[in-house]
Amino acid sequence: MSNPPVSSVGSAGAPPAQHAMGAPANVVASVNPAALGLAAFAMTTFVLSFANAGIISAGATPVVFSLALFYGGAAQLLAGLWEFAQKNTFGATAFCSYGAFWMAFWYLNTATDLGKAGAGLAVGLGTWLLAWAIFTLYMTFASWRTNIATFLVFVFLTLTFFALSFGHYAGSNGLLQLGGWLGIITAIIAWYTSFGIVINSTFKRNVLPLGARA
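Residues numbered from 1 in each chain as written. Predicted model: local features only at pLDDT ≥ 70, side-chain atom pairs only at ≥ 80, totals over all residues. Heavy atoms only, no water.

(A) Structural view of the packing of helix α1 (residues 34-52) against helix α6 (residues 173-203). Here α1 crosses α6 at 155 degrees, and the two axes come no closer than 7 Å. The angle between α1 and α6 places the two elements in the roughly antiparallel class. The chirality of how α1 crosses α6 is left-handed. Counted by class, the contact of α1 with α6 contains 16 nonpolar, nine polar and no charged residues. (Axes fitted to C-alpha atoms, helices over the stretch in contact; angles between N-to-C directions. Helix = DSSP H or I, 4+ residues; strand = E, 2+ residues; numbered from the N terminus. Parallel < 35°, antiparallel > 145°, perpendicular 65-115°, else oblique. Left-handed = near helix turned anticlockwise from the far one by under 90°. Nonpolar A, V, L, I, M, F, W, Y, C, P; charged D, E, K, R; others polar.)

Shown next, in the form of structure tokens:
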């Protein structure tokens, strides 16, 4: 099966307005869970997208299942719960949702028999991914208020989901591969954003720009 697939994205050492994936301006946490959530999202998406893009054999896809359950899934879910504790609606919704996405991906591939789904499998997968594309699209509008780095993560993730969804609907390997390449770009931007949060927090100043919005 193919698919991709953020948290206060900002810096714990930066001014409150930059503590961003949507965190209230008066909330300054000693630890920013977005760094963990974005890193987990990026690595899992990066590995699976290599298979979707055709860089590695589709037969290697099972190697991502452990990442999907424990890192992309559990670690993101924990990051989302910590965002709830920080009263960050955007970050909590994003990380808990995409953590659940990766857990669902793991379950779908390990606990169900996709081989018996028959001709309806492509439509089912296309619809599943389309639903995630719609969710990601409206989260993209909300992400505009956080910072540019986070916004770009959501823009490219939205494109990734739509490409993979239409690829399944149309039975188009070209669209599925495009979704893989878009997923790789998404992962790289997410890694950059996570790195920015970690390095800015560690150095207690803005070393790596994330494009904070006023």
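Once you've had a look at it, read on.
(B) Up close: the nonpolar core. Ranked by size, the top nonpolar core spans 35 residues in total, and within it Y98, W102, F105 and F161 carry the most contacts. For this core, the secondary-structure elements that each account for two or more residues are α1, α2 (64-85), α3 (89-110), α4 (120-143), α5 (148-170) and α6. It is α3 that provides the largest number of residues to this core, a total of seven residues. (Core = buried A, V, L, I, M, F, W, Y, C linked by side-chain atoms within 4.5 Å. Buried < 20%, exposed > 50% of the residue type's maximum accessible area, 1.4 Å probe, protein only.)

(C) How the structure looks around the environment of I197. With respect to the secondary-structure elements, I197 resides in helix α6. For the pair formed by I197 and L38, sequence separation is 159 residues and the distance between their alpha carbons is 9.7 Å.

(D) Summary view of the side chain of N88. Looking at where N88 falls in the secondary structure, it is placed in the loop between α2 and α3. Of the residues examined, N88 reaches a relative accessible area of 1% and is grouped as buried. A polar atom in the side chain of N88 sits 3.1 Å from the backbone nitrogen of G91. (Polar contact = N/O pair within 3.5 Å; in protein donor to acceptor, adjacent residues only side chain to side chain.)

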